[in-house]
Amino acid sequence: AFIAADLPNELIELLEKIVLHKSADFGKNRNLQNLLILTAIRADKSRVMDYINRLDNYDGPEIAKIALGDPYRLYEEAFLIYKKHDMNAEAMETLLTNIESVERANEFAARCGDPTVWYKLGKAQLENGQVVEAIESYLKANDSTDYVEVIQAAEREESYDDLVRYLLMARKMAKDQLVDTELVYAYAKTERLGDMEEFVGGTNTANVQQVGDRLYEERAFKAAKILYQNCVNNSKLASCHVMLGEYTQAVEAAKKANNPKTWKEVNIACVQAQQFRCAEIAGMYIIVHPDHIEDVIAQYEKGGHFEELMSLLDSGLASERSHVGMYTEQAILYTKYKPEKLMDFIKLNTQKLNIPKLIHACERHYHWQEAVFLYTHYDEFDSAANTMMAHSPVAFAHDQFMMILQKVSNMEIYYRAIQFYLDEQPMQLNPLLNTIMAKVDHARVVQQVRKVGHLPLILPYMKAAQQHNLQAVNEAINDLYVEGEQYDELRQSIEDFDNIDQISLAQKLEKHELVEMRRIAALVYKKNKRYKQSIDLSKQDKMYKDAMETAFESGNADLAESLLRYFVDNDMKECFAACLYTCYDFIRPDVGLELAWRKGMLDFAMPFLIQVLREYTSRIDALDKKTQKKEEAEEKEKSASNDFVPDYMVNPMMPGGMTGFGNLAITGPAMPMQPQQQQPFGGPQMMQGAPSMMMQPGMMQPGMM
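It should be emphasised that the depicted structure is a prediction, and the values quoted were computed from it without experimental measurement.

Student: How would you explain the overall build of the protein chain if you had to name every residue and give the values?
Tutor: Per the secondary structure count, the protein chain includes 42 helices and zero strands. Counting over 705 residues, the protein chain shows a buried share of 44%. Pairs at least 24 residues apart make up 54% of the contacts formed inside the protein chain by residues separated by at least 6 positions. If you sum the accessible surface of the protein chain, you get close to 38,300 Å²; carbon and sulfur atoms cover 49% of it.

Next up, the structure:
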């Protein structure tokens, strides 16, 4: 009724009189005490604390919940209720959650000593970042429920000493791999390596490999080494030894691990520490793998340890597992640091080298002689030839170049080689040309050499190539003969090889100061049937024999008679006689006789006339004999047709007998004559029966009568 009438204060006063004055009947009544406290909570909060202290028979938990709730929030009163009713956990919760006083909570926990209270305190401290205090609380609570959060917080704050104590407690409460693993890690972080080694050596469920990796990444190599020894991870163990500077132990561990990555790590560390003995042992296990050898070489070169690197590769080449890469890399090192050993090494191991790679190295370091050698053995003859020409001061050798040039495939290299020899080896040019003679265009070679003005240099080659009768070659040789006034050689060349511009040559030679050269011009004109020009040129130089021979060879009677008149006009009696003899076949007898008679040269013409008479007489006799045989044949035919056989027949050929119809009356008995064969005049020999130039006028050869 009081509540309904909204008279709480009056109700409180009434209840105080009933409850607090210790009425025997109503003072201990639970409901009245509850009503008094609740009414005070609602109407007069200042009295609640007094009521809680003075009263002791009320429903504490329910009233505490009401006091904690909205809108009252009487946290201290609620804490006092829980404390008075020995509800330590709820009291601790109120202190931590509502009052938010960790210090009071710590004092409360220490006073009551309840594990649950300590656990709640520890959890609250953990959430507030008081890791050390939280661990202490957890230890007093002997509770490892929140070990995951504790581990994370302790590692975050690096409170490893306290974490070790906590984990040792937690390990007794729960068998979890995480607990053992983190305990190992905490031992390592606190440098309690002896305890750690003892722990991992005993029964545990720790992930030793994982902890070792964490410690390795954090560069705690001593602790990691112990763990890797325990879990038999020799690769990581070798790494730890390396990091600790224990190179001999690192090599031993790497032998057990026996993988290139570990050996490489050990090798690099040993090289950096200049522990070359250990580095060589490690390197021997790496260089047998072609994929890793370059990394080792780079590491040595980076530190400038060239001698040690070459020593390592030398040792590797002596092993059974040596390979092409090893030989090649050693050769490349020689190109850089020991060029004096390079050529001998290449010659000894040509079949074991990666030749393209080594060629590149040789070119990069200017070892051209070695590059040529490698090109040759790799059948790259074009490149070998080009290299020798481009770097001739160190790479060129004539005999080797000749051998290479016979095997090149690019024809242009031949002409490049010719130019090279013209520039640098002119005295060896002819041997070069003789070597490539069958493969070059001779005309192009001549043009190339002519362009630089050194044709005399290749005259022996051109003579050998002249057998092909090429115009360019022939003219080049003839030009050299003309320039050198070698008329005998020029004449022979013109007679043997006619593929030239003969008219141009003749025009060039007819103005030459040497008579023999002009004679050759006349010869060329004669060969080209320009007989008049040839004869005029010979007459100009008084080479009358040449003129006569040309006239005879022309077969032209007008030219022969014109030359004869020239001799007559110039009173050249001997030449007149010689011309009659040479051009006998083409000079008409009447012309010759007329000219001789008019100029008083009958004596010089007499051999000619005698020969003419002899020739005509022989022709008449031959004609008479032919006519006689024909008449005899006709007589026989007539006799056979009349069946008349005479008692005797007169042999017309008998001496003193009757001559036939065909015989001339003025001639005597015909004498048997040998048939004569006419020989051409103009040569050095005389026709049978022809007059001799040595005969005196009036003399006859035997048999001409």
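Student: Kindly report on the packing of helix α39 (residues 557–569) against helix α40 (residues 573–582), identifying the contributing residues and their values.
Tutor: Contact geometry of α39 with α40 gives a least axis separation of 8 Å together with a crossing angle of 165 degrees. By the criterion of interaxial angle, the relationship of α39 to α40 is roughly antiparallel. The chirality of how α39 crosses α40 is left-handed. Two secondary-structure elements touch here, α39 through Ala560, Leu563, Leu564, Phe567 and Val568 and α40 through Cys575, Phe576, Cys579 and Leu580.

Student: Outline the environment of isoleucine 500, listing residues and values.
Tutor: One can find isoleucine 500 in the loop between α34 (487–496) and α35 (502–509). The class of isoleucine 500 is buried, set by a relative accessible area of 11%. When the C-alpha positions of isoleucine 500 and alanine 476 are compared, they lie 9.8 Å apart, and in sequence the two are 24 residues distant. Non-local contacts of isoleucine 500, meaning those with residues more than four positions away in its chain, are made with Gln471, Asn474, Glu475, Asn478, Ile494 and Leu505.

Student: So what about the pattern of salt bridges? Which residues, and what values?
Tutor: Side-chain pairs of opposite charge can arise whenever the charged atoms involved come near each other. Taken as a whole and judged by the stated rule, the model has 26 salt bridges. The partner of lysine 336 in a salt bridge is glutamate 301, with the nearest N and O atoms 3.0 Å apart. Residue lysine 336 is located in helix α22 (residues 324–337), and its partner glutamate 301 is located in helix α20 (residues 293–302); the two are separated by 35 residues in the primary sequence. Ionic pairing is found between glutamate 329 and lysine 357, a salt bridge with its closest N-O pair at 2.6 Å. Taken together, the positions of glutamate 329 in helix α22 and lysine 357 in helix α24 (residues 355–364) put the pair 28 residues apart, joining distant regions of the chain. Residue class for lysine 357 comes out partly exposed when judged on its relative accessible area of 30%. One network of salt bridges, with partners in common, ties together Arg491, Glu516, Arg519 and Asp546.

Student: If you had to explain the environment of isoleucine 135 to someone new, which residues and values would you point to?
Tutor: As for its placement among the helices and strands, isoleucine 135 is situated in helix α9 (residues 131–141). Taking relative accessible area as the criterion, isoleucine 135 reaches 0% and is therefore assigned buried. With 12 residues separating them in the primary sequence, isoleucine 135 and tyrosine 147 have C-alpha atoms 9.8 Å apart.

Student: Talk me through the nonpolar core; I want residue IDs and the actual numbers.
Tutor: Tyr166, Phe401, Leu405, Ile418, Leu432 and Met462 are the most contacted members of the largest nonpolar core, which totals 158 residues. Per-element tally for this core: the top contributor is helix α29 (residues 412–424), with eight residues. In this view, tyrosine 166 contacts Ile135, Tyr138, Leu139, Asp143, Ser144, Thr145, Asp146, Tyr147 and Val150; residues no more than four positions away in its chain are not counted.

Student: Go over helix α25 (residues 368–377) with me, naming the residues and quoting the values.
Tutor: Burial analysis of α25 places eight of its 10 residues in the buried class, the great majority of the element. For α25, every residue scored as buried is listed here: Trp368, Glu370, Ala371, Val372, Phe373, Leu374, Tyr375 and Thr376. Elements that come into contact with the buried residues of α25 comprise α23 (339–348), α24, α26 (381–390), α27 (392–395) and α28 (398–405). Remark: aspartate 379 follows α25 within two positions and exhibits a positive phi of approximately 60 degrees.

Student: Let's hear about the state of the cysteines: which residues, and what values?
Tutor: In this structure the tally under the stated criterion is zero disulfides. For cysteine 231, which is in no disulfide, the shortest distance to another cysteine sulfur is to cysteine 240 and amounts to 9.6 Å. Distance from the sulfur of cysteine 575, which forms no disulfide, to the nearest cysteine sulfur (cysteine 579) is 8.7 Å.

Student: Tell me about the packing of aromatic side chains, residues and numbers included.
Tutor: By convention here, two paired aromatic rings are described through the distance between centres and the angle between planes. Following the criterion strictly, the structure yields 20 aromatic pairs and no others. Here the aromatic rings of tyrosine 334 and phenylalanine 345 are separated by 5.3 Å at their centres, their planes lie at 75 degrees, and the arrangement is edge-to-face. Highlighted residues: tyrosine 334 in helix α22 and phenylalanine 345 in helix α23, separated in sequence by 11 residues. Neither tyrosine 334 nor phenylalanine 345 differs from the other in exposure class; each is buried.

Student: Run through unusual backbone geometry, naming residues and quoting values.
Tutor: Positive phi, close to 65 degrees, is recorded for arginine 219, a residue that is not glycine. Relative to the elements of secondary structure, arginine 219 occurs in the loop between α14 (208–217) and α15 (221–231). Classification of arginine 219 as exposed rests on a relative accessible area of 58%. Phi is positive for glutamine 274, close to 60 degrees, though the residue is something other than glycine. Relative to the helices and strands, glutamine 274 resides in the loop between α18 (260–272) and α19 (276–286).

Student: Residue-level account of a nonpolar patch on the surface, with values.
Tutor: A cluster of nonpolar side chains, namely Leu593, Trp597 and Leu602, defines an oily patch on the protein surface of about 320 Å² accessible area. Its relative accessible area of 32% is what places leucine 602 among the partly exposed residues.

Student: Give me the lowdown on the side chain of glutamate 615, citing residues and values where you can.
Tutor: On the secondary structure map, glutamate 615 appears in helix α42 (residues 602–642). Of the residues examined, glutamate 615 reaches a relative accessible area of 15% and is grouped as buried. A distance of 2.3 Å separates a polar atom in the side chain of glutamate 615 from a polar atom in the side chain of tyrosine 584.

Student: Give me the lowdown on the environment of alanine 472, citing residues and values where you can.
Tutor: If you trace the backbone, alanine 472 turns up in helix α33 (residues 471–484). A sequence separation of 28 residues divides alanine 472 from isoleucine 500, and the C-alpha atoms of the two residues are 7.8 Å apart. When residues no more than four places from it in sequence are discounted, the contact partners of alanine 472 are Ala443, Val446 and Arg450.

Student: Which residues make up the confidence of the model for the protein chain, and what values go with them?
Tutor: Taken over all residues, the pLDDT of the protein chain has a mean of 81, while the share at 70 or more is 84%. Every residue in residues 647–705 is under pLDDT 50, and counting partners more than four places away or in other chains gives 69 contacts.

Student: Please give an account of the packing of α22 against α23 that cites residues and values.
Tutor: Here α22 crosses α23 at 150 degrees, and the two axes come no closer than 6 Å. Comparing the axis directions of α22 and α23 gives the class roughly antiparallel. Between α22 and α23 lies a crossing of left-handed hand. Within the contact between the two elements, α22 uses Tyr327, Gln330, Ala331, Tyr334, Thr335 and Tyr337 and α23 uses Pro339, Lys341, Leu342 and Phe345. The residue makeup of the contact of α22 with α23, split by class, is seven nonpolar, two polar and one charged.

Student: Could you give me a rundown of α9, with the residues and numbers involved?
Tutor: All of the buried residues along α9 are Val131, Ala134, Ile135, Ser137, Tyr138 and Ala141. The arc that holds the buried residues of α9, viewed along the axis, is 160 degrees, so those residues lie on one side. Against α8 (115–127), α10 (147–157) and α11 (160–173) lie the buried residues of α9. Of the residues trailing α9, asparagine 142 is marked for its positive phi of about 55 degrees.

Cut-offs and rules
- Residues numbered from 1 in each chain as written.
- Predicted model: local features only at pLDDT ≥ 70, side-chain atom pairs only at ≥ 80, totals over all residues.
- Heavy atoms only, no water.
- Helix = DSSP H or I, 4+ residues; strand = E, 2+ residues; numbered from the N terminus.
- Buried < 20%, exposed > 50% of the residue type's maximum accessible area, 1.4 Å probe, protein only.
- Contact = heavy atoms within 4.5 Å.
- Areas by Shrake-Rupley, 256 points an atom, 1.4 Å probe, with all protein chains shown as cover.
- Axes fitted to C-alpha atoms, helices over the stretch in contact; angles between N-to-C directions.
- Parallel < 35°, antiparallel > 145°, perpendicular 65-115°, else oblique.
- Left-handed = near helix turned anticlockwise from the far one by under 90°.
- Salt bridge = Lys/Arg side-chain N within 4 Å of Asp/Glu carboxyl O.
- Core = buried A, V, L, I, M, F, W, Y, C linked by side-chain atoms within 4.5 Å.
- Disulfide = S-S within 2.5 Å.
- Phe/Tyr/Trp six-rings, centres within 6.5 Å; stacked < 30°, edge-to-face > 60°.
- Patch = residues over 30% accessible without salt bridge, like charges linked within 9 Å, V, L, I, M, F, W, Y side chains within 5 Å.
- Polar contact = N/O pair within 3.5 Å; in protein donor to acceptor, adjacent residues only side chain to side chain.
- pLDDT = per-residue confidence, 0-100.
- Nonpolar A, V, L, I, M, F, W, Y, C, P; charged D, E, K, R; others polar.
- Arc of directions from axis to C-beta.

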